[in-house]
Amino acid sequence: MTKDFLCLTDWNLKDLEAIFDLTRELKEKQKRGEEHHLLRGKTLGMIFEKSSTRTRISFEVGMYQLGGHALFLSSATTQMGRGEPIKDTGRVMSGYLDAIMIRTFSQEAVEELARWSDIPVINGLTDTYHPCQLMADLYTVIEHKGNYRDLTYCWIGDGNNMANSWINAAAVFGFELRVATPEDYRPDPAVVERARKLGARVSYYTEPLEAARGAQVLNTDVWASMGQEDEQRERAKAFAGFQINRETIKAAAPDCVVMHCLPAHRDEEITDEVMESAHSIVFAQAENRLHVQKAILATLMR
Ligand code: CP
Ligand code: NVA
């Protein structure tokens, strides 16, 4: 187990499965209204350089439910936004806080922060990865399908931070993953190559229906991620056809589940009809951010 939670492949299967076990325990306690103050008196600093609804709320509420406290730190109103170096920020924050959650652009910046911090650093999304989301996603699959194994997963859309994280998850958890993206929007080649070396069973497609055939778990995300707003129009053209819709559901397994990390652009990457259908587990997935991250926090901070 490493000090930090930056990337799924930094962790081994046993430790990640222990997080799922703790998630189950904490979720049951929370639903029964039982106190579970595992982090009494501890403080999490939450640095945001990008917008957030789910990540901010679930980490802040999660810390409260664990008996601790969370601080919202916007880069715009701290000295980080005025250029204070990460190596100084990390050492200063280590003197006040018990852990840091950071959402920013570059994965390297998060890794640098972790290097200069004595306390755990959690990746709350970078341009490259979104590991906490993946843990919530797989936990939600476990809840709906009994376990995450022996299922075929299909990604349709952009080869972005979420696609990269699914590829990492395939490497660590061992399931079969099919990734369908337009030719020019494939996942990061370095991520693909590393997963291949780790023995991941991932195949790459440019035809979404072919990738979806018989899959039990369908997944997508926005065509333009945070920071790519200027490319929205050109991307909308490139991704036409990379939508989860009625046809995709027909091609997939009859009991398939549909996932989306949210926020979604209805009738772009996913139709409103599918979002609202019985196949969709997107809101359970969103809620599980809270439960899984509490387990991640407790694992790192206790
Ligand atoms: N899925 C997710 O991370 O949502 P937010 O951007 O709202 O935090
Ligand atoms: N790929 C999206 C995920 C948002 C949770 C983004 O980075 O904006």
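Use the structure listed above.
Residues numbered from 1 in each chain as written. Chains lettered and ligands numbered in written order. Predicted model: local features only at pLDDT ≥ 70, side-chain atom pairs only at ≥ 80, totals over all residues. Heavy atoms only, no water.

A. Fine view of the pattern of salt bridges. If you walk through the whole model with that rule in mind, you get 22 salt bridges. Notably, a salt bridge pairs Arg235 with Glu231, separated by 2.8 Å at the nearest N-O pair. It is possible to trace a salt-bridge network through shared partners that takes in Asp158, Glu231 and Arg235. (Salt bridge = Lys/Arg side-chain N within 4 Å of Asp/Glu carboxyl O.)

B. Broad picture of the sheet that holds strand S4 (residues 121–123). Here we have four strands laid out as an open sheet, ordered S2-S1-S3-S4, and parallel in their pairing. A single partner strand is all that each edge strand has here, and the edge strands are strand S2 (69–74) and S4. Taking each pair of neighbouring strands and ignoring which way they run, the sheet shows an average axis angle of 20°. By the bridge criterion, six bridges tie strand S1 (residues 43–48) to S2 in an arrangement that is parallel. Within S2, the residue paired with Ile47 across the bridge is Leu73. Contacts from helix H4 (residues 107–116) reach S1, strand S3 (99–103) and S4 within the one sheet, and its direction differs from that of S4 by about 165°. Together, S1, S3 and S4 form the strand contacts of helix H12 (residues 282–301), whose direction differs from that of S4 by roughly 155°. (Pairing = 2+ DSSP bridges. Helix = DSSP H or I, 4+ residues; strand = E, 2+ residues; numbered from the N terminus. Axes fitted to C-alpha atoms, helices over the stretch in contact; angles between N-to-C directions. Contact = heavy atoms within 4.5 Å.)

C. Highlighting helix H3 (residues 86–96). For H3, every residue scored as buried is listed here: Thr89, Gly90, Met93 and Ser94. Take H3 and look down its axis: the buried residues cluster within an arc of 130°, on one side only. Those residues of H3 hidden inside the fold are in contact with S1, S2, S3 and H4. (Buried < 20%, exposed > 50% of the residue type's maximum accessible area, 1.4 Å probe, protein only. Arc of directions from axis to C-beta.)

D. Quick look at the site of ligand 1. The immediate surroundings of ligand 1 are formed by Ser52, Thr53, Arg54, Thr55, Arg103, His130, Gln133, Cys261, Leu262 and Arg289. One nitrogen or oxygen atom from the side chain of Thr55 is found 2.7 Å from an oxygen atom belonging to ligand 1. Between Arg103 and ligand 1, the recorded distance is 2.8 Å, taken from a side-chain N or O atom to an oxygen atom. For the shell around ligand 1, the per-class residue count stands at two nonpolar, five polar and three charged. (Near = heavy atom within 4 Å. Polar contact = N/O pair within 3.5 Å; in protein donor to acceptor, adjacent residues only side chain to side chain. Nonpolar A, V, L, I, M, F, W, Y, C, P; charged D, E, K, R; others polar.)

E. Region of interest: helix H2 (residues 54–65). Taking 1.5 Å of rise per residue, the 12 residues of H2 would be expected to cover 16 Å, and the 16 Å separating its terminal C-alpha atoms lies within 8% of that figure. Along H2, the residues classified as buried are Thr55, Ser58, Phe59, Gly62, Met63 and Gln65. The buried residues of H2 occupy an angular sector of 160° when projected down its axis, which confines them to one face. Gly67 sits one or two residues past H2 and shows a positive phi near 85°. (Expected span 1.5 Å × (residues − 1).)

F. Looking closely at the pairing of S1. Of all six residues that make up S1, six are buried, and the element is covered over most of its length. Alternating positions in S1 separate into two faces, Thr43, Gly45 and Ile47 on one and Leu44, Met46 and Phe48 on the other, with burial throughout. With H2 bridging S1 and its parallel neighbour S2, the resulting β-α-β unit is right-handed. Both S1 and S3 contribute to a ladder of five bridges, which runs parallel. Bridged to Gly45 within S3 is Ile100. (Right-handed = clockwise from strand over helix to strand, strands pointing away.)

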